[in-house]
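Structure assessment
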Amino acid sequence: MNEAIRPGPKNPPQAAGLPQLSVVVPTFNERDNVTTLFRRLETALKGVAWEVIFVDDNSPDGTWDVVRGLARADSRVRCIRRIGRRGLSGACIEGILASSAPCAAVIDADLQHDETQLPVMLALLQGGEADLVVGSRYVAGGSADSFNRQRAGASQLATEVAKRVLRIKIADPMSGFFMIRRDRFEQLAPQLSTQGFKILLDVVATARGDLRVKEIPYAFGSRLHGESKLDSMVALDFLGLVLAKLTHDVVSLRFLLFAMVGSIGLFVHLCTLFIALDMFNAPFPEAQAAGALVAMTSNFILNNFLTYRDQRLKGFAILRGLLLFYLVCSVGLFANVGVAFSVYDQEPIWWLAGAACALMGVVWNYAMSGLFVWRRR
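Keep in mind it's a predicted model, so treat the numbers as computed, not measured.

**As for the overall build of the protein**
For the protein, the helix and strand inventory stands at 13 helices and seven strands. For the protein, buried positions account for 49% of its 377 residues. Sequence separation of 24 or more characterises 78% of the internal contacts of the protein that already satisfy a separation of 6 or more. Surface accessibility of the protein: about 17,700 Å² in total, with carbon and sulfur atoms responsible for 61%.

**Side note on the sheet that holds strand β1 (residues 21–27)**
Strand order in the open sheet formed by seven strands is β3-β2-β1-β4-β6-β5-β7, and the pairing between neighbours is mixed. Two strands lie at the open edges of the sheet, namely β3 (77–81) and β7 (213–217), each paired on one side alone. Direction aside, neighbouring strands of the sheet carry axes that sit 20° apart on average. By the bridge criterion, five bridges tie strand β2 (residues 50–56) to β3 in an arrangement that is parallel. Bridge assignment links Phe 54 to a residue of β3, and that residue is Cys 79.

**As for the pairing of strand β6 (residues 178–181)**
Pairing between strand β4 (residues 103–106) and β6: four bridges, direction antiparallel. The partner of Ala 104 across the bridge, within β6, is Ile 180. Sheet topology places strand β5 (residues 132–136) next to β6; three bridges connect them, and they run antiparallel. Across the sheet, residue Val 134 finds its bridge partner in β6, namely Phe 178.

**Concerning the nonpolar core**
Core analysis: the biggest nonpolar cluster contains 39 residues, and Leu 132, Phe 185, Leu 201 and Val 203 have the highest contact counts within it. The greatest single-element share of this core, amounting to seven residues, is contributed by helix α7 (residues 199–207). When residues no more than four places from it in sequence are discounted, the contact partners of Leu 132 are Leu 125, Phe 178, Met 179, Ile 180, Leu 200, Val 204, Leu 211, Arg 212, Val 213 and Lys 214. The next biggest cluster of nonpolar side chains, apart from the first, holds 33 residues, and it includes Val 52, Leu 118, Ala 130 and Tyr 218.

**Notes on the pattern of salt bridges**
According to the stated counting rule, one finds 15 salt bridges in the structure shown. The closest approach of N and O atoms between Arg 78 and Glu 51, which form a salt bridge, is 3.2 Å. Here the residue Arg 78 occupies a position in strand β3, and Glu 51 occupies one in strand β2, the gap between them amounting to 27 residues. For the salt bridge of Asp 57 with Arg 82, the shortest nitrogen-to-oxygen distance reads 2.7 Å. Of the two residues, Asp 57 is situated in the loop between β2 and α2 (63–73) and Arg 82 in the loop between β3 and α3 (88–97); the sequence distance between them amounts to 25 residues. With respect to burial, Asp 57 and Arg 82 carry one shared label: buried.

**What to know about the packing of helix α1 (residues 34–44) against α2**
It is the contact of α1 with α2, at a shortest axis distance of 10 Å, that shows an interaxial angle of 35°. Here α1 contributes Val 34, Thr 35, Phe 38 and Arg 39 to the contact with α2, which in turn contributes Thr 63, Val 66, Val 67 and Leu 70. By residue class, the composition of the contact of α1 with α2 is five nonpolar, two polar and one charged.

**Here we look at helix α13 (residues 362–373)**
All buried positions along α13 are accounted for by Asn 365, Met 368, Ser 369 and Val 373. Along the axis of α13, the buried residues cluster in a sector spanning 110°; they form a single face. Opposite the buried face of α13, by more than 90 degrees, sit the exposed residues Val 363 and Leu 371.

**A word on a nonpolar patch on the surface**
On the surface, a cluster of nonpolar side chains totalling about 290 Å² of accessible area is made up of Val 165, Leu 239, Leu 243 and Leu 246. No other element matches helix α8 (residues 233–246), which puts three residues into the nonpolar patch. Of note, Leu 246 is situated in helix α8.

**So, the packing of aromatic side chains**
Tallying each qualifying case throughout the model produces nine aromatic pairs. The interplanar angle of 5° and the centroid separation of 4.5 Å between the aromatic rings of Tyr 308 and Trp 374 together place this pair among those described as stacked. Of the two residues, Tyr 308 is situated in the loop between α10 (284–307) and α11 (316–346) and Trp 374 in the segment after α13; the sequence distance between them amounts to 66 residues. Both residues of the pair, Tyr 308 and Trp 374, count as buried.

**Describing the packing of helix α9 (residues 253–278) against α10**
Between α9 and α10, whose axes approach to 7 Å, the crossing angle comes to 150°. When you trace α9 past α10, the crossing you get is right-handed. Its residues placed into classes, the contact of α9 with α10 shows 16 nonpolar, ten polar and one charged.

**As for the side chain of Ser 136**
Take Ser 136: it is sitting in strand β5. From its side chain, Ser 136 meets the backbone nitrogen of Tyr 138 in a polar contact 3.1 Å long. The contact partners of Ser 136, leaving out residues within four places of it in the chain, are Gly 142, Ala 171, Asp 172, Glu 215, Ile 216, Pro 217 and Tyr 218.

**Overview of the side chain of Thr 307**
Positionally, Thr 307 belongs in helix α10. Owing to a relative accessible area of 0%, Thr 307 belongs among the buried residues under this scheme. A distance of 2.7 Å separates the side chain of Thr 307 from the side chain of Asn 303, its partner in a polar contact. What Thr 307 contacts, discounting residues up to four positions off in sequence, is Gln 195, Arg 254, Leu 257, Phe 258, Val 261 and Leu 302.

Definitions and cut-offs
- Residues numbered from 1 in each chain as written.
- Predicted model: local features only at pLDDT ≥ 70, side-chain atom pairs only at ≥ 80, totals over all residues.
- Heavy atoms only, no water.
- Helix = DSSP H or I, 4+ residues; strand = E, 2+ residues; numbered from the N terminus.
- Buried < 20%, exposed > 50% of the residue type's maximum accessible area, 1.4 Å probe, protein only.
- Contact = heavy atoms within 4.5 Å.
- Areas by Shrake-Rupley, 256 points an atom, 1.4 Å probe, with all protein chains shown as cover.
- Pairing = 2+ DSSP bridges.
- Axes fitted to C-alpha atoms, helices over the stretch in contact; angles between N-to-C directions.
- Core = buried A, V, L, I, M, F, W, Y, C linked by side-chain atoms within 4.5 Å.
- Salt bridge = Lys/Arg side-chain N within 4 Å of Asp/Glu carboxyl O.
- Nonpolar A, V, L, I, M, F, W, Y, C, P; charged D, E, K, R; others polar.
- Arc of directions from axis to C-beta.
- Patch = residues over 30% accessible without salt bridge, like charges linked within 9 Å, V, L, I, M, F, W, Y side chains within 5 Å.
- Phe/Tyr/Trp six-rings, centres within 6.5 Å; stacked < 30°, edge-to-face > 60°.
- Left-handed = near helix turned anticlockwise from the far one by under 90°.
- Polar contact = N/O pair within 3.5 Å; in protein donor to acceptor, adjacent residues only side chain to side chain.

Following this line, the structure appears as structure tokens:
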């Protein structure tokens, strides 16, 4: 249950007027944790001028309402309630850019990060020893003993992939607990992805060695209330982020996820085409059209679940979105079917003709889907 919000001064005195530190807390269904976290920050940052910015993704449990109650009692608390968009990375970016202090920290609301390390991190930044300070589980003195075997293995694998493929030098690039100079963050912000969970990895990879980084140990704790927001889709988010950084952001993370879904759609398309031709002896144009329809349907479902999950369509909007997706994809479908039929007529290799049709529409479908199907409202 929530702790009672004790009456306090409406405007507690700040140590030096403007805040020295902005603490950004991304939240989703964390109403039972935010008051406890705020009280812990009060204790840990005693003597420091600070503010806390909760960035809430319109939590169904009303987390934003609890935060507003805190804000009415204490002017150091701010709430950004996001409607129609989701994602930890995007929330962190918005929170830091909305901050007013020269230093910004990111900490989870689930009470698993050690807020007592914040003054140490701040001192390193203010002393000019670093541009970025990372709370690390994998340096001497740190630990992740609260992880179960599966999560520990996944975390270590992702860390090794990030370090080897992207040549990241820090020990814990997957950490969600860090502090950065806001001016340096603002330089990197236009190149950061608003999707996914691994904002620190994105920051370090985007900086390409141009940040002075210090790591300090902390023990990753156990969640007090609620459930973890991590799910099986995080692995694909991570893979997409790694691929985006390997291309030096020539293509976006969202486009790569869209392309991954398209690859699955290509497999669905070819399977449907083969079944129509081999089992039902359908003429090639009809079989090709059937393959395209089934592939479009599977692509829409997967894109709604994964690629655009921060703008996921629900209820009646799903049907409307599906019809729009059919329309967007169908604009090029007739031309693509014609191209595929020409290829098949000259060289009757069914999979080559099908692939030619499917691949031609990827860029068109991505651009138009973002404009008309999953447009921001």
